[in-house]
Amino acid sequence: MSDAELVLRSTRVITPEGTQAATVAVSGGKITAVLPYDAEVPATARLEDVGDHVLLPGLVDTHVHVNDPGRTEWEGFWTATRAAAAGGITTLIDMPLNSLPPTTTVEHLRIKQDVARDKAHIDVGFWGGALPDNVKDLRPLHDAGVFGFKCFLSPSGVDEFPHLDQDRLAQSMAEIAGFDGLLIVHAEDPHHLESAPQHGGPKYADFLASRPRDAEDTAIANLVAQARRLNARVHVLHLSSSDALPLIRAARAEGVRVTVETCPHYLTLTAEEVPDGASEFKCCPPIRESANQDLLWEALADGTIDCVVTDHSPSTADLKTDDFATAWGGISGLQVSLPAVWTEARKRGHTLEDVVRWMSARTAELVGLTRKGAIEAGRDADFAVLAPDETFTVDPAGLQHRNRVTAYAGRTLYGVVKSTWLRGERIVADGEFTEPKGTLLSRTR
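Overview of the structure. (Residues numbered from 1 in each chain as written. Predicted model: local features only at pLDDT ≥ 70, side-chain atom pairs only at ≥ 80, totals over all residues. Heavy atoms only, no water.)

Quick look at the pattern of salt bridges
At step 1: Taken as a whole and judged by the stated rule, the model has 31 salt bridges.
At step 2: For glutamate 289, the salt bridge goes to arginine 213, with nearest N and O atoms at 3.1 Å. Taken together, the positions of glutamate 289 in the loop between helix H9 (264-268) and helix H10 (290-302) and arginine 213 in helix H7 (residues 213-230) put the pair 76 residues apart, joining distant regions of the chain.
At step 3: A salt bridge links arginine 348 to aspartate 294; its shortest N-O distance comes to 2.9 Å. (Salt bridge = Lys/Arg side-chain N within 4 Å of Asp/Glu carboxyl O. Helix = DSSP H or I, 4+ residues; strand = E, 2+ residues; numbered from the N terminus.)

Pasting the structure below:
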């Protein structure tokens, strides 16, 4: 490592080969070598010894609603990427909706990129959107570098991003399959939602009944059938219903190209504990019962669920009313996603290596970011330094996202992020941030 500019050393470095005491050499923003702990450090290199704190690859969050431009009172690239950096996330992929305009044409993508360019504290990429009327725009968006295409199978909650019925789903999927792109899907069936009881009001049990499991299960079954017929790559977003897991396992066994994510709130929060009127817990699909949660964890362990992402979907505080029917549905979790998942994982006998696999390696693999997601030579020098046995209590005042509403308020979590590094530069340490150093990512480079 004679050309190393920076050397990081820890007694616990999480690598693809496991956790080991190691010295990590960095030059030009890249990892050049992972060496034994006692490797000699060149006199020209700066040594950062983090002791017994864990050095892990920066997390890759492929499901974030930044809402910028157009709804910047809800969130924005400056605040969202600060929150991500504070939580050990070094890469995010922004969803195409809740911004104005949505990312559904190349022109709209360029507008969003121009807004993000000077505000990103971490690296940022973009999903495109698949709408009923933009099939012609999908290939140009793909060629412009979006990482895939988001669609809804039921109403999205915003008028400018309508959902796809089964015929339009087939048209979009066929177009995307033609260039082997990735279709990522909010899978709830509108007919099941329409027939479910819709009482409104503050009772969480009523809201849960309004978004039944069979809405997810039916939508996923239809999605799998279309993907099988077209040999398309599809990804199920924010899975909450464990009832869909046998179908997913069977589809995979027969070669259907389907991947699946879930979210920290489904893995750490339960329907039984949601207070009535507490719409900071509202999301769609909803947080379900503890027995359902146990099965999601089993599916993570056996690989049926590939990865864990935040689905960070903030709004202004006034939209979080005590009526679950009318409150905005979304949970803000960027900054606390790693400790939230780690707290529950360690209780269930999982390791930090498992968490890194779910939240970094597999998310990077999902979107083809071969330079992210692992501590090994040739990858970007993106790191989080974690004190896994230290605890903290979530105080909304200490969060970096714009509207400090969170379902995790008051929870005591394991895992304190001490610092976060992007391409060999420390971008946050002990709550102090540098100026934005993120770059805009493209599928094509």
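What to know about the pairing of strand E7 (residues 89-94)
At step 1: Taking burial as the measure, the 6 residues of E7 include 6 buried ones, the bulk of the element.
At step 2: Here strand E6 (residues 59-64) pairs with E7 via 4 bridges, running parallel. Pairing of leucine 59 across the sheet is with isoleucine 89, part of E7.
At step 3: Strand direction decides the pairing type here: E7 and strand E8 (residues 123-126), joined by 4 bridges, are parallel. Pairing of leucine 92 across the sheet is with valine 124, part of E8. (Buried < 20%, exposed > 50% of the residue type's maximum accessible area, 1.4 Å probe, protein only. Pairing = 2+ DSSP bridges.)

Side note on the side chain of serine 242
At step 1: Residue placement: serine 242 occurs in the loop between strand E12 (233-236) and helix H8 (245-253).
At step 2: In this structure serine 242 touches Arg213, Asn292, Leu295 and Leu296, once residues within four positions along its chain are discounted. (Contact = heavy atoms within 4.5 Å.)

What to know about the environment of alanine 45
At step 1: Along the chain, the position of alanine 45 falls in the loop between strand E3 (30-36) and strand E4 (46-49).
At step 2: Overall, alanine 45 belongs to the buried group, its relative accessible area being 13%.
At step 3: Along the chain, alanine 45 and lysine 136 lie 91 residues apart, while their C-alpha atoms are 51 Å from each other.
At step 4: Discounting chain neighbours no more than four positions away, the residues touching alanine 45 are Ala4, Glu5, Leu6 and Val7.

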